[in-house]
Amino acid sequence: MRPTLKKPERTPDGGAERTVTFEDRAGKSLLRTEGVYKQFNGVTVLRDVALDVRYGEVHALMGENGAGKSTIIKIITGVYEKDAGRIMIDGEPVEINDSHDARRAGISVIYQELSLVPALTVAENIFLGQEPGRYGVTGRSEMRERVSALIDRYGFRIDPDAVVDSLGMSQRQMVEILKALSTDAKLVIMDEPTSSLSTAESERLFETIDLLRQKGVGILYVSHRLEEVYRLSDRLTVMRGGEVVGVLDHDEIVPKTVTTMMIGREIRDANARRGYKIYEDNVLEVSHLRYGKLLRDVSFKAYGGEILGIGGLVGSGRTELVKCIYGALRRSGGDVTYRGAPVSKSIGRNIRAGFGFVPEDRRVEGLFPALSIGRNITVASHDKLSRVSVMNKGAEQRWAEEAIKNYDIRPRDRGYRAANLSGGNQQKVVLGRWLAREPDVLLLDEPTVGVDVGVRAELYEYVRFLASRGSIIIMVSSDLFELTHIADRILVMHGGVFFEEFTGAAATQAAVLLAASGQHTDEGVALI
Amino acid sequence: MKLRISTRNVRKLVSAGLVVVLMLVFSLSADSFWNWRNMGNLFHDAAFLGLIALGLSFVMTGGGIDLSVGGIVCVTAILVSRFGTLGGSSVPGVLAALFAVLCGGAFGLINGVLVTRVRLTEFVTTLATGILYSGLGLLLAYRDNGKLSGVIVPKGIQNESFLSLGEKVGGTGVFLVTYIWIALSAAMYFVMRRTNFGLHTYAIGSHSRSAGMSGVNVRRIKTLGFVISGAFAGLASAMLTANMTAASASLGNNGYEFQGIAACVVGGIALGGGKGDPVNAMIGAIFLQTILNGLLKFNIQAYWSYVIQGVIIIAATAFDTLFGRVTHMLRERRSIAGREAV
């Protein structure tokens, strides 16, 4: 049996549904966490986290990757179990152990990956799994009535009979929110809701959020985008390294303050590369590159010997940029030339011409989990290891063993299944696949996500070594430390174009962070 | 709502229109096509195929596939012929038909359990059970006929009540199975479009993970789909057996599963799920049967019908892809226009 949900009661006159109102509670405490601790494998990821969300407020949650935002949300929604601390709803302590508990407590999450069924209408989606009606016959008129009442109540502009497939992303999120509200949610958690929205669509989502706030619903809003947070939130909690660094009121939300809180004191790395040799003849030129709506007009030159960092938020077009260069996506306009000749649209040809690409999600696009370490390494080098399409077994084994030794892949067993490796070693395998070829152009997309500190340092060393031999390195990264300390030059993307370029001392984490949210350092305050 | 109704029905109108055109062409060019006798036969065959497609439409709309219906037709034919000849052949026909439905449903249930509980893939499961069911049919037929080897001789049935299932009704040229098929198609249309079960079938066919997260019992809906598919195959089998007045174990070799799937696809039920309803299956079955029947009226090699069926299936699929793209584009344009208007 499907889980039984609380079905909205009907008023005595048989009319529209009762909808719980929260307006009268505006300003009162809705969700409160106290002293929440969480450890994973002995590493403390949350330390004494206190959150306080009130009715009728948009409460933003900001922090760098790994600051603990997702973890605390997963604890609130019952995905993770907390090690210590209390969660209180309306001042009463509650135990939330799974998603049903969360729903019963009135907490609802709008995930980035929406949970709608495209073939059904808005109304059908909202009531999916809890349809009104008798004897299994869907009560369409009642469904319509209740959805219309819900839509009217929140003043949304959406047609209950529209098929979800025909809706844009912002409208789908609206449906998702309505679905949450239909089960009487009082706290709506949104995790990076605008990452897949256009500017206009984001604006419509903000209007929706404003409506919810007016009706007294509490919203916990996770975002990387400062201007959004400023536009929307009544208060802001900033996290860093698993702790709450501070809570700001709307008027205190100033870019400089927030970025300083997020990053902490900046430490200049003494090991940063200074003075590197540029190989002028090894040049990749991208001019007026376009890709749908994601890349609007991107031009740059990258030279051998240089590590070029590409910064920007998720959805800013970074991944699409490297994929277009590599040939994994078909560009809709513009030119890419390497050493003066156009770059092919065929990945195979590009690899033979000296390109290499480490994708963002190694488990989906990089690794062959079912194959051995050896096969994973040699898979891109069949051209060098075979004659008339017949693999030279001996050469293949030597190639794999050398890479395993050079890049210190553990265990040192080329027959070991890649699926059983740790995240760091998997990444070494994927990187090793390309490094072993000594590519002239190496494209890296988030090369150190899910890789621990020790392995990170090794990866940086390999990449630097390759650069010092004259290769072009283009590295996309969300990690500010990585960008400012490993890259020699940083291009920050925002809205499908290069927003700002940084070199040398100007490349501070704060400046890059500001540029990623579309603000120049010197006018940061003025803009918002 | 307007857009939905129109795209949904445009697809049906296109197929139905093509059927009318085909019928016109055949009646004008072949003398023996347009008469009561032939139409009665055409709609008899269409009804048999249509019953199979009707059951399949539930599995396919739910995003699945059932390759075992041919096997179910085969083994149920043998079982129902035994059942119908029990106790001196006095078993009422209705009871025999009900028995066949239950048998088919039980075989479908086995499929459903294997797919949803043992978690095997639908393709392999139903491929395997289809072979298995045919094998059971052959074994049973062999036991009935004893000494046979190789050729399975149909076992004759002498049960008037049962055999009347395969006959025409009253003085008209229309077979009973045709009426049953039309009535059940209408009933199933209601089930698909108006009940929670139908809604959930579309949901799992369109995006089963979202459906599951919304509280739809995906495994139960899927299992029920297989049960329905099997039940209709069983019914079709009983009607065919009665019409042939004998059960033949070689029915399993006739490829009914593929003809059924072809009828669904031609009628407009997407293989990926989430689209179409029993009316699409109905139109598809008439479409295919019209072509098979019509081509026989010309003096061309009968094997051409296979070639033409293949071409039609490809054409229908290509049309759906193109149609889907065009409607999607129109929607996008409309939604952009709407946004600008706001």
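What counts and what doesn't
Residues numbered from 1 in each chain as written. Chains lettered and ligands numbered in written order. Predicted model: local features only at pLDDT ≥ 70, side-chain atom pairs only at ≥ 80, totals over all residues. Heavy atoms only, no water. Helix = DSSP H or I, 4+ residues; strand = E, 2+ residues; numbered from the N terminus. Rg over C-alpha atoms; globule rule 2.2 N^0.38 Å. Buried < 20%, exposed > 50% of the residue type's maximum accessible area, 1.4 Å probe, protein only. Contact = heavy atoms within 4.5 Å. Areas by Shrake-Rupley, 256 points an atom, 1.4 Å probe, with all protein chains shown as cover. Lys, Arg positive; Asp, Glu negative; His and termini not counted. Charge placed at Lys NZ, Arg CZ, Asp CG, Glu CD. Axes fitted to C-alpha atoms, helices over the stretch in contact; angles between N-to-C directions. Parallel < 35°, antiparallel > 145°, perpendicular 65-115°, else oblique. Left-handed = near helix turned anticlockwise from the far one by under 90°. Nonpolar A, V, L, I, M, F, W, Y, C, P; charged D, E, K, R; others polar. Pairing = 2+ DSSP bridges. Buried area = accessible area lost by both parts, 1.4 Å probe. Salt bridge = Lys/Arg side-chain N within 4 Å of Asp/Glu carboxyl O. Domains from an automatic or database assignment. Polar contact = N/O pair within 3.5 Å; in protein donor to acceptor, adjacent residues only side chain to side chain. Patch = residues over 30% accessible without salt bridge, like charges linked within 9 Å, V, L, I, M, F, W, Y side chains within 5 Å. Phe/Tyr/Trp six-rings, centres within 6.5 Å; stacked < 30°, edge-to-face > 60°.

What chain A contains, in helices and strands, is 19 helices and 24 strands. Taken over the C-alpha trace, chain A has a radius of gyration of 26 Å; the compact-globule value for 528 residues is 24 Å, and the two agree within 12%. Along the first, second and third principal axes, the C-alpha set of chain A runs to 80 × 55 × 50 Å. Counting over 528 residues, chain A shows a buried share of 54%. Put simply, of all contacts in chain A between residues at least 6 apart along the chain, 68% involve residues at least 24 apart. For chain A, the accessible surface area stands at approximately 22,900 Å², while carbon and sulfur atoms represent 49% of it. Counting 70 positive and 73 negative side-chain charges, chain A places the averaged centre of each group 5 Å from the other.

Right, let's talk about the overall build of chain B for a bit. Assigned secondary structure in chain B consists of 13 helices and two strands. Radius of gyration (C-alpha) of chain B: 21 Å, near the 20 Å computed for a compact globule of 342 residues. Seen through its principal axes, chain B has C-alpha atoms that stretch 75 × 55 × 35 Å. For chain B, buried positions account for 51% of its 342 residues.

Bringing the packing of helix 8 (residues 255–263) of chain A against helix 18 (residues 509–516) of chain A into the picture now. Residue and element names in this part refer to chain A. Contact geometry of helix 8 with helix 18 gives a least axis separation of 10 Å together with a crossing angle of 120°. Taken together, helix 8 and helix 18 sit at an angle that is classed as oblique. Between helix 8 and helix 18 lies a crossing whose hand is right-handed. Residue-level contacts link Pro255, Thr259, Met262 and Ile263 of helix 8 to Gln509, Ala510, Leu513 and Leu514 of helix 18. A per-class count over the contact of helix 8 with helix 18 returns six nonpolar, two polar and no charged.

Residue and element names in this part refer to chain A. Overall, antiparallel pairing links the four strands, which are arranged 14-13-16-17 in an open sheet. Pairing within the sheet leaves two strands with one partner each, and these edge strands are strand 14 (295–304) and strand 17 (341–342). For strand 13 (residues 279–291) and strand 16 (residues 333–338), the ladder comprises five bridges, and the chain directions are antiparallel. The partner of Arg290 across the bridge, within strand 16, is Gly333.

The next thing to look at is the pairing of strand 11 (residues 235–240) of chain A. Consecutive residues of a regular strand have side chains that alternate between opposite faces of the sheet. All names here are of chain A. Burial of strand 11 is extensive: five of the six residues sit out of reach of the surface. The pairing of strand 3 (residues 58–62) with strand 11 spans four bridges and is parallel. Paired with Ala60 across the two strands is Leu236, which belongs to strand 11. Taken together, the six bridges between strand 11 and strand 12 (residues 243–249) define a ladder with antiparallel strand orientation. Of the residues in strand 12, the one forming a bridge with Leu236 is Leu248. Hairpin connection from strand 11 to strand 12: two residues lie between these consecutive antiparallel strands, with Gly241 at a positive phi of about 55°.

Now for the interface of chain A and chain B. Facing the 30 residues of chain A at the interface are 29 residues of chain B. At the boundary of chain A with chain B, total buried surface from both sides reaches about 2,600 Å², with 52% on carbon and sulfur atoms. Remark: the boundary between chain A and chain B carries zero salt bridges. Listed by contribution, the elements that provide at least two residues to the side of chain A that touches chain B are strand 8 (137–138) and helix 6 (199–214) of chain A. Across the side of chain A that touches chain B, the residue classes break down as eleven nonpolar, seven polar and twelve charged.

Below, the discussion takes up the sheet that holds strand 2 (residues 43–54) of chain A. Residue and element names in this part refer to chain A. The four strands are arranged 2-1-4-5 in an open sheet whose pairing can be described as antiparallel. Strands with a single pairing partner mark the edges of an open sheet, and in this sheet they are strand 2 and strand 5 (92–93). Note: strand 1 (residues 29–40) against strand 2, eight bridges, orientation antiparallel. Looking at the pairing, Ser29 lines up with Arg54 of strand 2.

So, on to the domain arrangement of chain A. Residues and elements named next belong to chain A. Each domain of chain A was delimited in the assignment, giving domain 1 (28–119 + 161–263) and domain 2 (279–366 + 439–527). On a C-alpha basis, the centres of domain 1 and domain 2 stand 31 Å from each other. Of the residues lining the interface, twelve residues belong to domain 1; the matching set on domain 2 comes to 14 residues. Taking both sides of the interface into account, the surface hidden between domain 1 and domain 2 amounts to around 1,100 Å²; carbon and sulfur atoms contribute 67%. Across the domain 1-domain 2 interface, the total number found is zero salt bridges. Summed over the shared surface of domain 1 and domain 2, the number is zero residue pairs in polar contact (both at pLDDT 80 or more). Looking at the side of domain 1 that touches domain 2, the elements with two or more residues in it are helix 7 (226–232) and helix 8. Here the side of domain 1 that touches domain 2 takes four residues from helix 8, the largest share from any one element. Residue classes in the side of domain 1 that touches domain 2 are distributed as five nonpolar, four polar and three charged.

Okay, a nonpolar patch on the surface next. Side chains of Leu109, Val113, Val118 and Leu120 of chain B sit close together on the surface and give an oily, nonpolar patch of about 310 Å² of accessible area. Looking at the element boundaries, Leu120 of chain B is found in the loop between helix 5 (93–116) and helix 6 (122–145).

The next thing to look at is the packing of aromatic side chains. Considering all chains together, one arrives at 14 aromatic pairs over all chains under this definition. Taking 5.9 Å as the distance between ring centres and 15° as the angle between the ring planes, the aromatic pair formed by Phe58 of chain B and Phe197 of chain B counts as stacked. With Phe58 of chain B in helix 2 (residues 36–61) and Phe197 of chain B in helix 9 (residues 196–213), this pair connects stretches of sequence that are 139 residues apart. When the ring of Phe83 of chain B is compared with that of Phe99 of chain B, the centres are 4.1 Å apart and the planes differ by 5°; the resulting orientation is stacked. With Phe83 of chain B in helix 3 (residues 69–84) and Phe99 of chain B in helix 5, the pair connects residues that are 16 residues apart, well separated along the chain. An aromatic cluster of three or more residues is present, and its members are Tyr326, Phe357 and Trp434 of chain A.

With that settled, the discussion passes to the environment of Met174 of chain A. All names here are of chain A. Note on placement: Met174 falls in helix 5 (residues 169–182). Sequence separation between Met174 and Ile110 is 64 residues; the distance between their C-alpha atoms is 9.8 Å. Those residues in contact with Met174 that sit more than four places away from it in its chain are Phe156, Arg157, Ile158 and Thr208.

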